[in-house]
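In case you want the letters, here they are:
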Amino acid sequence: MGMFDGIAGFGVTFSTMFRKVVTEDYPRVKKVTAPRYHGRHQLNRHPDGLEKCVGCELCAWACPADAIYVEGGDNTDEERYSPGERYGSIYQINYLRCIGCGLCIEACPTRSLTMTNEYELADDDRQDLIYDKDRLLAPLLPGMEQPPHPMRLGENEQDYYVQGPEMARRSDVQDAVREEIQMTPEASR
Amino acid sequence: MTAASEKAPEKPSEQDDLPPVPHGHVRLTIDDRVVDAPQGELLIRTCERLGIVVPRFCDHPLLDPAGACRQCLVEVEMGGRKMPKPQASCTMTVAQDMVVNTQMTSAVADKAQQGVMELLLINHPLDCPICDKGGECPLQNQAMSSGRAESRFVEEKRTFAKPLPISDEVLLDRERCVLCQRCTRFSRQIAGDQFIELLERGAHQQIGTEETAFGEGEDFQSYFSGNTIQICPVGALTSASYRFRSRPFDLVSTPGVSEHDSSGAAVRRDWRRGAVTRVLAGEDPDVNEEWIDDKTRFAFRYAQSTTRITRPLVRGDDGELHETSWTDALEHAATALLAARDGTGPAALDADGEPPGEPKRGVGVLPGGRLTIEDAYAYAKFARVALRTNDIDARARAHSGEELDFLAAHVAGTGLGVTYADLESAPAVLTVALEVEEEAPVVFLRLRKAARTGTAVHHLGQWSSPAVVKTGGRLVRSAPGREPEALATLPDDVAAALATPGAVVLVGERAAEVPGLYAAVSDLVGRTGARVAWVPRRAGERGAVDAGALPTLLPGGRPLDDVARAQLASSWGLADETALPATPGRDGAAILRAAASGELAGLVVGGVELADLPDPVLARAALREADVVVSLEQVASEVTQYADVVLPVAPVINKSGTFRNWEGRDRRFATTIDPSGGSSGRVGGTAAITLPDCRVLDTLAVEMDVDLFTQTPEVAAAELGHLGAGRPTEIGPVRGPDGSGDADGDTAAGTDGSLRLASWRQLLDGGALLIDEPELAGTARPPKIRLSTVTARRLGLVEDAMAGLEGPRGSLHLPVELADLPDDVVWAPARVPQPGGGVVTLAGLGLTHGGPARLTGGTTTDGSSA
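Residues numbered from 1 in each chain as written. Chains lettered and ligands numbered in written order. Predicted model: local features only at pLDDT ≥ 70, side-chain atom pairs only at ≥ 80, totals over all residues. Heavy atoms only, no water.

- Chain B appears in an unreviewed UniProt entry as NADH-quinone oxidoreductase from Actinomycetospora chibensis.
- Under the UniProt heading Sequence similarities (unreviewed entry), the note attached to chain B is "Belongs to the complex I 75 kDa subunit family."
- According to its UniProt record, chain B has this under Function (unreviewed entry): "NDH-1 shuttles electrons from NADH, via FMN and iron-sulfur (Fe-S) centers, to quinones in the respiratory chain. Couples the redox reaction to proton translocation (for every two electrons transferred, four hydrogen ions are translocated across the cytoplasmic membrane), and thus conserves the redox energy in a proton gradient." (UniProt positions renumbered as here; feature names shortened; annotations may be inferred.)

- As named in an unreviewed UniProt entry, chain A is NADH-quinone oxidoreductase subunit I, taken from Actinomycetospora chibensis.
- Quoted verbatim from the Sequence similarities (unreviewed entry) heading of the UniProt record, the comment on chain A is "Belongs to the complex I 23 kDa subunit family."
- If you open the UniProt record of chain A and go to Subcellular location (unreviewed entry), you find "Cell membrane".

**Observations regarding the UniProt feature "binding site: [4Fe-4S] cluster 1" (unreviewed entry) in chain A**
Point 1. Mapped onto this numbering, the UniProt entry gives "binding site: [4Fe-4S] cluster 1" (unreviewed entry) at Cys53, Cys56, Cys59 and Cys108 of chain A. With the annotated positions falling across 56 residues, the maximum pairwise C-alpha distance of 10.5 Å places them together in a single cluster.
Point 2. Positionally, Cys53 of chain A belongs in the loop between strand E1 (41-43) and helix H3 (58-62).
Point 3. Those residues in contact with Cys53 of chain A, other than ones at most four positions away along the chain, are Leu43, Ser82, Arg86, Tyr87, Gly88, Tyr91, Thr110 and Ser112 of chain A.
Point 4. Examined against the element boundaries, Cys56 of chain A turns out to sit in the loop between E1 and H3.
Point 5. When its relative accessible area of 6% is taken as the criterion, Cys56 of chain A is described as buried.
Point 6. Residues within four places of Cys56 of chain A in sequence aside, it is in contact with Arg86 and Pro109 of chain A together with Pro129, Arg247 and Phe249 of chain B. (Helix = DSSP H or I, 4+ residues; strand = E, 2+ residues; numbered from the N terminus. Contact = heavy atoms within 4.5 Å. Buried < 20%, exposed > 50% of the residue type's maximum accessible area, 1.4 Å probe, protein only.)

**Notes on empty space enclosed by the protein**
Point 1. Applying the stated criterion across every chain yields a total of 13 cavities of 30 Å³ or more.
Point 2. Of the pockets and cavities examined, the largest cavity occupies roughly 130 Å³.
Point 3. Classifying every residue of the lining of the largest cavity by side-chain character gives 4 nonpolar, 2 polar and 7 charged. (1 Å grid on protein atoms, 1.4 Å probe; cavity = no way out; pocket = protein on both sides within 12 Å on 5 of 7 lines; lining within 4 Å. Points joined across faces, edges and corners; volume = space filled by probe spheres on them. Nonpolar A, V, L, I, M, F, W, Y, C, P; charged D, E, K, R; others polar.)

**Digging into the packing of helix H11 (residues 373-386) of chain B against helix H26 (residues 713-723) of chain B**
Angle between the axes and distance between the axes are the two parameters that describe a pair of packed helices.
All names here are of chain B.
Point 1. Contact pair H11 / H26: the axes reach a minimum separation of 9 Å and the direction vectors enclose 75°. If you check the angle between H11 and H26, you find them roughly perpendicular. For the pair formed by H11 and H26, the contact residues are Ile373, Glu374, Tyr377 and Lys381 on the first element and Pro713, Ala716, Ala717, Glu719, Leu720 and Leu723 on the second.
Point 2. For the contact of H11 with H26, a count of residues per class yields 7 nonpolar, no polar and 3 charged. (Axes fitted to C-alpha atoms, helices over the stretch in contact; angles between N-to-C directions. Parallel < 35°, antiparallel > 145°, perpendicular 65-115°, else oblique.)

**Re unusual backbone geometry**
Point 1. For the peptide bond that leads from Tyr26 of chain A to Pro27 of chain A, omega is 5°, which places it in the cis range.
Point 2. Take Pro27 of chain A: it is sitting in the loop between helix H2 (11-17) and E1.
Point 3. A cis amide bond links Lys162 of chain B with the next residue in sequence, Pro163 of chain B, at an omega value of -10°.
Point 4. When you line up the elements, Pro163 of chain B lands in the loop between helix H4 (138-146) and strand E8 (164-165).
Point 5. Phi is positive for Glu57 of chain A, close to 70°, though the residue is something other than glycine.
Point 6. Within the secondary structure, Glu57 of chain A is located in the loop between E1 and H3.
Point 7. The backbone phi angle of Asp705 of chain B is positive, close to 65°, even though this residue is not glycine.

**Points about the interface of chain B and chain A**
Point 1. The interface of chain B with chain A comprises 16 residues on the first partner and 14 residues on the second.
Point 2. Carbon and sulfur atoms make up 54% of the surface buried where chain B meets chain A, a total of about 1300 Å² over both sides.
Point 3. For the chain B face of the interface with chain A, the top three residues by lost area are Ile130, Phe244 and Phe249 of chain B, together amounting to 41%.
Point 4. At the boundary of chain B and chain A, one finds 5 salt bridges.
Point 5. In this structure, Arg243 of chain B and Glu85 of chain A form a salt bridge, with 2.8 Å as the shortest nitrogen-oxygen distance.
Point 6. Applying the counting criterion to the chain B and chain A interface returns 4 residue pairs in polar contact (both at pLDDT 80 or more).
Point 7. Looking at side-chain class alone, the side of chain B that touches chain A contains 5 nonpolar, 1 polar and 10 charged residues. (Buried area = accessible area lost by both parts, 1.4 Å probe. Salt bridge = Lys/Arg side-chain N within 4 Å of Asp/Glu carboxyl O. Polar contact = N/O pair within 3.5 Å; in protein donor to acceptor, adjacent residues only side chain to side chain.)

**Topic: the sheet that holds strand E17 (residues 321-323) of chain B**
All names here are of chain B.
Point 1. Reading across the sheet, the 6 strands line up as E17-E16-E26-E25-E24-E18 and stay open at both edges, with mixed pairing between neighbours. Looking at the sheet topology across the chains shown, the edges are occupied by E17 and strand E18 (363-366). When the angles between neighbouring strand axes are averaged without regard to direction, this sheet yields 15°.
Point 2. Sheet topology places strand E25 (residues 628-633) next to strand E26 (residues 645-648); 4 bridges connect them, and they run parallel. Bridging from a neighbouring strand, Val630 pairs with Val645 of E26.
Point 3. Helix-sheet contacts for helix H22 (residues 588-596) involve E18 and strand E24 (602-605), and the interaxial angle to E18 is about 140°. (Pairing = 2+ DSSP bridges.)

**Observations regarding the pattern of salt bridges**
All names here are of chain B.
Point 1. Counting across every chain of the model gives 79 salt bridges over all chains.
Point 2. Where Lys360 meets Asp627, a salt bridge forms, and the shortest distance between an N and an O atom there is 3.2 Å. Residue Lys360 is found in the loop between helix H10 (346-349) and E18, and its partner Asp627 is found in the loop between helix H23 (616-625) and E25; the two are separated by 267 residues along the sequence.
Point 3. Across the pair Arg510 and Glu439 runs a salt bridge, and its minimum N-O distance is 2.9 Å. Pair noted here: Arg510 is in the loop between strand E22 (504-508) and helix H19 (517-528) and Glu439 is in helix H14 (residues 436-439), with a separation of 71 residues, a long-range link. One exposure class covers both Arg510 and Glu439, and it is buried.

**Considering the domain arrangement of chain B**
Point 1. Looking at the assigned domains, one finds that chain B contains domain 1 (24-120), domain 2 (154-304), domain 3 (313-345 + 358-397 + 542-651 + 691-723), domain 4 (406-536) and domain 5 (755-856).
Point 2. Between the C-alpha centres of domain 1 of chain B and domain 4 of chain B the distance comes to 43 Å. (Domains from an automatic or database assignment.)

**What about a negative patch on the surface?**
All names here are of chain A.
Point 1. A contiguous patch of negative charge on the surface is contributed by Asp123, Asp124, Asp125 and Asp128.
Point 2. Of note, Asp124 is situated in the loop between strand E4 (113-115) and strand E5 (130-131).
Point 3. The exposure class of Asp124 is exposed, given its relative accessible area of 75%. (Patch = residues over 30% accessible without salt bridge, like charges linked within 9 Å, V, L, I, M, F, W, Y side chains within 5 Å. Areas by Shrake-Rupley, 256 points an atom, 1.4 Å probe, with all protein chains shown as cover. Lys, Arg positive; Asp, Glu negative; His and termini not counted. Charge placed at Lys NZ, Arg CZ, Asp CG, Glu CD.)

Structure follows, in structure tokens:
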């Protein structure tokens with residue numbers, strides 16, 4: 001028991017004052033996540049704005065938390081939302097259930113469903129946490145057109161899928177996924 | 001039949017220890033296992049019994065072998081020598097000392113199967129994610145089990161325009177087709193509708209119809225087309241109404257029973273989120289095998305219709321129906337029914353302006369023909385105990401007193417009679433007043449199957465309808481209304497055929513339209529010894545007969561005599577037989593007449609379509625005149641417009657119960673979707689918890705201070721089962737009409753352009769359960785007026801010309817088709833849906849089968865004007 005005992009107890013405190021702060025200053029400063037952080041989902045679009053989702057429900061099948069609900073719809077020449085025969089007429093993700101595992105992303109056969117880095121998924125209303133297509137669809141980038149509209153980039157869906165990678169490299173057509181990857185988390189908000 | 005030994009076959013010395021080969025069997029070796037199989041069995045079936053799954057597409061146990069897909073190749077050794085190439089096990093029958101090696105033990109067979117799979121997949125699009133078959137696809141599954149993981153095919157795949165509608169209900173995707181020919185074989189062998197066939201050769205070989213081949217012609221006009229969708233092993237044939245609706249893993253599958261006809265066919269209802277998305281055929285070898293008709297398969301959206309009634313309605317002082325509570329509605333109904341029963345109703349008290357005569361008294365009950373046996377029993381008991389009357393008649397169609405005699409003598413309480421299997425093995429079958437394909441499609445399929453194995457099928461009718469042709473049948477032609485004479489003077493060979501043991505007479509409900517026909521049928525079966533079965537159209541008819549929902553029959557086929565009433569009274573906990581009404585009740589028409597003329601004060605109406613009744617005008621008058629009309633309905637109908645209290649009842653998918661089919665077989669089913677199960681019973685956003693008729697009647701009876709004890713279908717069924725059959729020891733004769741009840745026809749035909757009318761209902765004719773099914777309605781046979789060539793020439797009508805069928809209350813205009821009818825006879829469908837909604841019925845026009853009719857639209861005849 002020495003006279004400095006009372007001060008020595010503050011040793012940890014004082015030394016910590018000169019270390020780097022680990023506290024997050026959220027929400028004033030948002031944390032930059034890892035590039036492959038599993039955040040909110042996004043339904044991507046083809047470069048002309050048509051939806052990539054074909055309503056196949058494989059994401060719903062893969063989901064271990066039963067968080068995804070999909071209903072398919074039939075594209076017609078008059079009302080077309082995606083290339084090919086089928087589109088997702090109803091697409092819901094319930095973020096009360098979603099565990100962010102990303103199995104849905106792996107299941108998606110058209111690369112329609114991807115995850116953004118957005119992590120602010122809290123609300124005071126359970127209903128609001130069921131995200132519909134209007135909140136899940138990727139924003140329209142320049143050159144994109146709000147569906148329904150006819151296929152602009154080819155005669156049939158083969159052109160979209162087979163020539164898709166090539167189109168993505170061309171400068172005159174925009175690709176939502178590439179944009180998404182390049183966007184910083186701050187910019188995506 | 002069982003694996004005789006697990007020992008290796010190479011040691012003949014050990015085979016000597018095996019038991020001798022049973023008679024009619026052969027002993028062979030499959031995958032080193034010795035097995036005895038009946039002679040003529042296909043190898044693939046023997047493998048199945050051993051638990052060896054040989055992949056296959058074209059093979060179907062109910063279709064003839066085809067060997068079309070070549071997927072089931074196995075290695076076969078006969079007499080110690082290997083066959084040079086692998087053989088298709090679905091076409092090869094077993095033989096003595098055969099040695100078979102499947103893909104399990106033979107590298108050759110395995111490689112052959114992989115090769116075939118690779119070939120099948122060459123032109124198959126990789127669109128499983130959007131294919132309706134994806135997830136339940138034999139091709140998908142077997143590509144995983146016996147295909148290679150990576151495709152070696154880098155060339156361009158063959159493409160076709162898709163999807164190609166080959167009917168309103170069936171879509172064809174030719175890219176996905178593996179040419180197994182299950183669909184064409186089904187259509188040719190089972191349904192007899194050769195509308196689809198293989199077209200073209202080589203790589204362009206495809207399934208198609210006359211329409212797809214030539215741009216015009218017939219499409220897939222079959223009542224059984226939906227079965228091809230179900231048996232298609234790939235996604236080449238898909239349903240237009242189910243297109244992209246859901247995926248197999250979304251669906252809950254519940255077994256059920258067809259509610260659309262009296263076949264009692266097993267079905268499987270697939271549902272998701274409180275709504276049925278599709279109906280598939282269930283498997284029941286004793287009843288429908290694996291087939292159902294399109295009406296049963298595709299008509300299910302009525303339960304989700306926006307016209308569903310889900311809350312009780314009571315007519316207020318403003319003359320409009322208002323939603324109210326169950327308590328309020330039941331109280332209203334009970335008070336009004338009690339007043340009507342006892343003759344203390346409003347008309348009796350304040351008959352202002354009318355002479356004070358006999359007060360209106362009594363309530364008639366019209367339950368309709370679509371009830372489960374439990375619900376019919378509740379109606380029967382409700383009428384006897386709560387309303388104290390025998391005025392109950394479930395026959396919402398043409399009916400007669402003669403029919404009641406016939407039902408009492410041959411149907412009520414007889415239990416399981418003629419069965420589907422009996423039809424199949426019968427040497428001869430005669431159908432009377434029954435157009436099997438239109439009125440009992442599952443029976444038609446079995447008759448066709450029987451005809452293919454030698455049963456002689458005779459039809460008493462007017463023309464060679466599709467059913468006659470497709471059953472290879474012989475038409476015993478008779479003028480409409482003259483069927484009794486035709487039965488009395490059957491050709492000798494037909495009568496002789498019916499006298500052979502096992503022969504069957506099938507009589508339809510339309511026999512009631514012809515006076516004397518039921519008596520003639522009864523005579524005929526008495527004369528020839530043939531067995532008789534009554535095949536009504538609706539699912540609930542047979543159950544209603546056995547449950548006592550008829551004016552002269554009590555539950556179990558009991559007559560109204562003192563003994564039966566005493567027995568029933570003790571079972572029902574009543575004092576004695578006097579507690580039950582003894583006078584025979586009015587039949588349906590008499591109930592309506594009495595209500596219209598002010599004798600009856602009230603009506604309790606179940607699922608009855610007024611247009612189906614023999615006199616819709618009388619029915620409307622009756623509902624208008626009755627002081628109180630209580631309607632128990634699923635959807636808003638014409639009765640709703642007249643009803644004072646409407647009580648919602650559950651559709652078949654929301655309740656359990658039993659349909660007793662025409663055989664007398666009880667077809668019990670459980671609830672498909674439990675309406676009280678959270679969100680599952682939703683209709684249009686509001687929770688629709690509806691109750692079965694028996695529960696509603698039970699609660700209504702409690703309000704009237706009577707206990708029915710039919711709270712649940714299970715309780716009602718138990719009570720009815722406990723009552724058992726109570727057929728009298730002596731069955732009365734079936735009394736035909738006195739004298740010549742059909743004398744009016746003698747003068748009618750031929751003289752002044754007046755013709756005799758023949759008619760029956762078509763399968764798809766805008767019935768109440770077919771609402772909201774546009775695809776199904778598109779596959780209905782177009783309604784036509786049929787005439788003989790001679791009559792058409794006399795009237796100046798040609799094929800496809802429009803003709804007007806004139807009745808006392810209006811006319812019906814339809815195109816003409818020439819057929820082999822007797823001269824001076826015109827055939828028209830009994831019910832014709834109109835393009836703008838609604839239906840026209842011949843009964844509504846005042847026309848009857850066998851009665852006179854006039855045709856207009858011709859160019860040469862007397863008195864004709866378009």
